[in-house]
Amino acid sequence: MNRPGVSSSERDRWRKIRAITSFPHRKGGSLANLSFPDSTRVDATSLARSLAFEFGRETADRFGGRLHSAFLEDDAGTASSSGWPEDEVPRYVDARAIISTYRAVVLAPAAFHDPTKVYLRLLQDYALEPDGGTGCRSLVSDAVKMASIAAVSADEIESTSGRLCQSIRRLSSEPVISRDTLIKALEACPEVMANFRAQMVARLTSDQRLDLLGKEEDKALRAFQRQSGKIVGAKRRHFFLRRHIRRVFAAWRLYLRVATHANQRRKREVLRAWLFAVKLINRAQLFTTLSNASNDQARGRRSLQKLLKNVSIMKRIRQCFTSDAEKDMRASLGHLRIFRRKVIARRAFSSWISFCMRGRQHDLAVRWCETKRTRRAFHRFHTYTKSEIRSRKVARRALIQQQSLLKHLEHVEASALTNRAGSSRVQHSLHEKKEQARQQDEARARLKNLRAEQDRVIISEQRSRRRQRVENERRLREEQFKAEWAAKKVEAETQCLKRNESWKLTPEFKALQQKKLKEIQRQLSITQASTSDRERESAITSQGVISYSILDAHLANAGITPDELFRRLDQLASPINSVPFQSALVSCGLVLDAAVFEEIFSGISIAQHNQSKPTDLSVRLEDLVELRRLSATYVAQEGTRWKLYVEPTHQQLVLHNVVSGEQTLERKMKTKRIKLAVGENLQDHELLKVRSELFVERCKAHRAMEEHHAANSIQSLYYQWSGRQQIKKQRWRLERRRLLQLRTRQAVAVMLIQKRFRARHRDKE
C-alpha cells in the first residue's frame, strides 16, 4: 500500500490530467474513451497513438511522454521488486489508473456531497470484474487502491487505504470482495469516506472550490428564503384568520341585536293583539249576559201578560159560549196558536245556530288577525331596517353638503320668514299681491340658483379630491415600483461584477482582450494607416460623435442605459433644445455640471448645424441615433469609460478615461495602458448588457402593472354602475309594491263603505 514518492507523483498526475483537459488545441474527446488491447500493459507508443486518435497529434506529442512517465513509477517499482534487471524493466503503465485518475478529476466536486457514490463509481470503472462482468464483485487490492486515489502523502494513504483494508479483513479474508461486503466495511469505518472526501476536495482548483462554495451558499440562501416565506405565510394566514373571525363576530353581534329587536317588537305586537282580543271577548260576554237577562225579563212579562189575557179570554168564552159552531171556531183558533208557537221555536233554534256560527267565525277572525299582525310587524320591521340603512347612506353622502349649505340655508330661511311675515298682513290691493308673488318667485329662483351653485361647488371639490387621491395613489405606486426595481438593479449589477472578477481569470477573457489590443495597435500603427475608411476618419474627428461618446460614458457611470435616455427623448418634440434635453437627463438620474452639459450639448448641436456658433442650439432625434451608431462603431463600445478619438487641439489620437478624466496621447500609449483600457471596457460592456436586459424587463413589468391597475379601475367602475342599476330595479319593484298595496286598501275601503251603506238601508226598511 505504501507507494514510493507518492507526494510528488500524485500531484504531477493530477496536474497532467488537468493540463490535457484544459489544453486549447486539443480536438475534443475524453480520456475515458481511450481503448487498448490490454489495459494493464500499455507502453508509451500505444498511449501516444491512443491520445492522437482521441485528441489529435499535437496533444499526443506534447503530453504523451509526460503522462506515461507520470504513471510509470508504480509499475516500474513493482517490476524491479519482482526481480527484473534494471536495464530490462518493461516500460508499461496501467491505463486503468490513467482513466480512473481522469474520472476522479471530473467527479471531485461531486465527492463533496456523496463520496461513497463517487468511490463506488471509480471502483466500478477501475476493477477487473472476476464474476463475469456483473459489477457486483471486485478485488480487494483494487478497492484499497481506489480509496487513496487522491492521497498525496503516506499519512493520507494510511487514513484511507489502510483503514479500509483493516475493515475489510475483519469481515472477509478472501482476495475478492462483493459490493454489499464493501458497503458494510465502509459503514463500519466511516472515517474512510470522510478522509476520501477531504482528499478529493483538497485536489480541487481554486475556481472549483469557489464555485462549490457559491452553490452551497445559494442552497443555504434558498432554504432560508423558503423557511422565511413559510413563516411570513403563516403569519399572514393567522392575521387574515383573526380578521375574518373579528368580522364574523361583529356580524353575529349585529345579527343578534337585530334579531333581538325584531323578537321584542313581535312580542309587543302579539301582546297588543291578545289584549285587544281579550277585551273584545269580555265585551261580547258582557253583552251576552245582559241580553240573556233582558230576554228572560221580557219573556216573563210576556208570559204573565199572555196568562192574564188567556184567563180573561176564558172567562169571556165561558160567558159568551153558546153553541157548537162557536166551540169549533174556538178550537181552530187554539190550533193556530199552537202552530204559531212551533214556528217561533223553530226561528229561535235557527237564530241560535247562526249565533254559534258567528262565534266560530269570530274565533277564526281573531286568529287570522294575530297572524296578520305578526306578518305586518315583520314586514314593517324589514321595511324599517332597509329604510334605516338607506337613510344612513343618504345621510353620510349628504353630510358634506349639509355642512357647506348650513350658512346659506339659514340666510334663505330668514328671507322666507320675512316673506311669510309680510304675507300675514292684510293685503288691500292687487298690486301688493302681485308684488308678493313676484318676490316669492324671485326667492325660490335665488334658492334654486344657490342650491345649484352649491351643488356645482361640491361636485368640483369632489372631483378635485378624487384627482388628488388618484394622483397620490399613482405616485405611491410609481415610488414602490421604482424602489423594487432599484433593489433588483443593485443585485443584478453586484452579480455581474462578481462574474466579471471571475471572468478576468479565464482564457476566454484573455483571448478577447488580446484580440481587442491587436485591433487598437493596428489602428495606431503607421504601416496600417489607410484613407479608404473615410467614415471612420470623419467619425473619430467629429465633434458631435466625440461629445456623444463622452455623454455615453457619463450615462454608464450613472448606471443609465442609452435606451432609457432615447425613450425619454422620444416623448419630446423634435428638434430638442437644451432645456428639455437636460430635463430628460435629470429624469433619468444623470445630473451634470452646467459647464460640462453646455460643452456636450453644444458639440452635438454644432455637429447637426455644421456651423461654429449656431444661434439656436437644438438637436434632432434622428441625428442622435446616427451619432450613437458612429460612436459605438468607431470610438468605443456603448457603456465603456475609455474612448479613442482624435483630440481637436493636438490633432492626435487620444485614449480618454471619461470617468477619471485621464488622457493619454498617441505618442505615450503603451501596451500596458491599452491592455488596461481594453479590459475595463470589456467589463463595462458586459455590465451594460445586464442593465439593458433589466431595463427591458422593467418596461414590461411597468406596462403589466399599469394594465392591471386599469383593469381594476374598470372593474370597480362596472361594479358601481351595476349597483346603481340594481338599486333602480329594486326601487321600481318597491314602487310597484306600494302601488298594489294602495290599490288593495282602496278596494277594501270601497267594499267596507258599500257594506255599511247596505246595512244602514236594510235597518231603515
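Presented here is a report on the structure given in the accompanying data block. Predicted model only: the values in this text are computed from it and were never measured. (Residues numbered from 1 in each chain as written. Predicted model: local features only at pLDDT ≥ 70, side-chain atom pairs only at ≥ 80, totals over all residues. Heavy atoms only, no water.)

This part is about the overall build of the protein chain. Within the protein chain, the secondary structure is distributed over 21 helices and 7 strands. Counting across all 765 residues of the protein chain, residues that qualify as buried make up 28%. Of all intrachain contacts in the protein chain linking residues separated by at least 6 positions in sequence, the fraction that spans at least 24 positions is 67%. If you sum the accessible surface of the protein chain, you get close to 53000 Å²; carbon and sulfur atoms cover 55% of it. (Helix = DSSP H or I, 4+ residues; strand = E, 2+ residues; numbered from the N terminus. Buried < 20%, exposed > 50% of the residue type's maximum accessible area, 1.4 Å probe, protein only. Contact = heavy atoms within 4.5 Å. Areas by Shrake-Rupley, 256 points an atom, 1.4 Å probe, with all protein chains shown as cover.)

The next subject is the pairing of strand β5 (residues 642-647). Along β5, 6 of the 6 residues are buried, which leaves the element largely enclosed by surrounding structure. Alignment of β5 against strand β6 (residues 652-657), held across 6 bridges, turns out to be antiparallel. Bridged to Y645 within β6 is V654. Hairpin connection, β5 to β6: the antiparallel pair is bridged by 4 residues, and Q651 has positive phi, about 55°. (Pairing = 2+ DSSP bridges.)

Below, the discussion takes up the packing of helix α15 (residues 534-541) against helix α20 (residues 621-635). Relative to each other, α15 and α20 sit at 105°, their axes nearing to 10 Å. The angle between α15 and α20 places the two elements in the roughly perpendicular class. On the side of α15, the interface is formed by E535, R536, A539 and I540, while α20 contributes R629, L630 and Y634. The class makeup of the residues in the contact of α15 with α20 is 4 nonpolar, no polar and 3 charged. (Axes fitted to C-alpha atoms, helices over the stretch in contact; angles between N-to-C directions. Parallel < 35°, antiparallel > 145°, perpendicular 65-115°, else oblique. Nonpolar A, V, L, I, M, F, W, Y, C, P; charged D, E, K, R; others polar.)

Core analysis: the largest hydrophobic core is formed by 51 residues, its most contacted members being L551, L569, F581, L585 and L624. Top element by residues in this core is helix α16 (residues 543-557). It accounts for 7 residues. Residue contacts for L551: discarding those within four places in its chain leaves L565, F581, L585, L590, L592, I600 and I604. Of all hydrophobic cores here, the second largest spans 46 residues; its members include V140, A147, A185 and F196. (Core = buried A, V, L, I, M, F, W, Y, C linked by side-chain atoms within 4.5 Å.)

In space, the 3 strands of this open sheet follow the order β5-β6-β7, with antiparallel pairing throughout. Edge strands, defined here as strands with exactly one partner in the open sheet, are β5 and β7 (662-665). Recorded for the sheet is a direction-independent mean angle of 25° between the axes of neighbouring strands.

Here the focus is the pattern of salt bridges. Across all of its chains, the model carries 21 salt bridges by this definition. For E501, the salt bridge goes to K504, with nearest N and O atoms at 3.4 Å. Under the relative-accessibility criterion, E501 is labelled partly exposed at 46%. Measuring nitrogen to oxygen at the nearest pair gives 2.9 Å for the salt bridge that ties R673 to E662. One end of the pair, R673, is in helix α21 (residues 671-764); the other, E662, is in strand β7, with 11 residues separating them in the sequence. What makes R673 partly exposed here is its relative accessible area of 27%. Among the charged side chains, a salt-bridge network with shared partners connects E435, R438 and E442. (Salt bridge = Lys/Arg side-chain N within 4 Å of Asp/Glu carboxyl O.)

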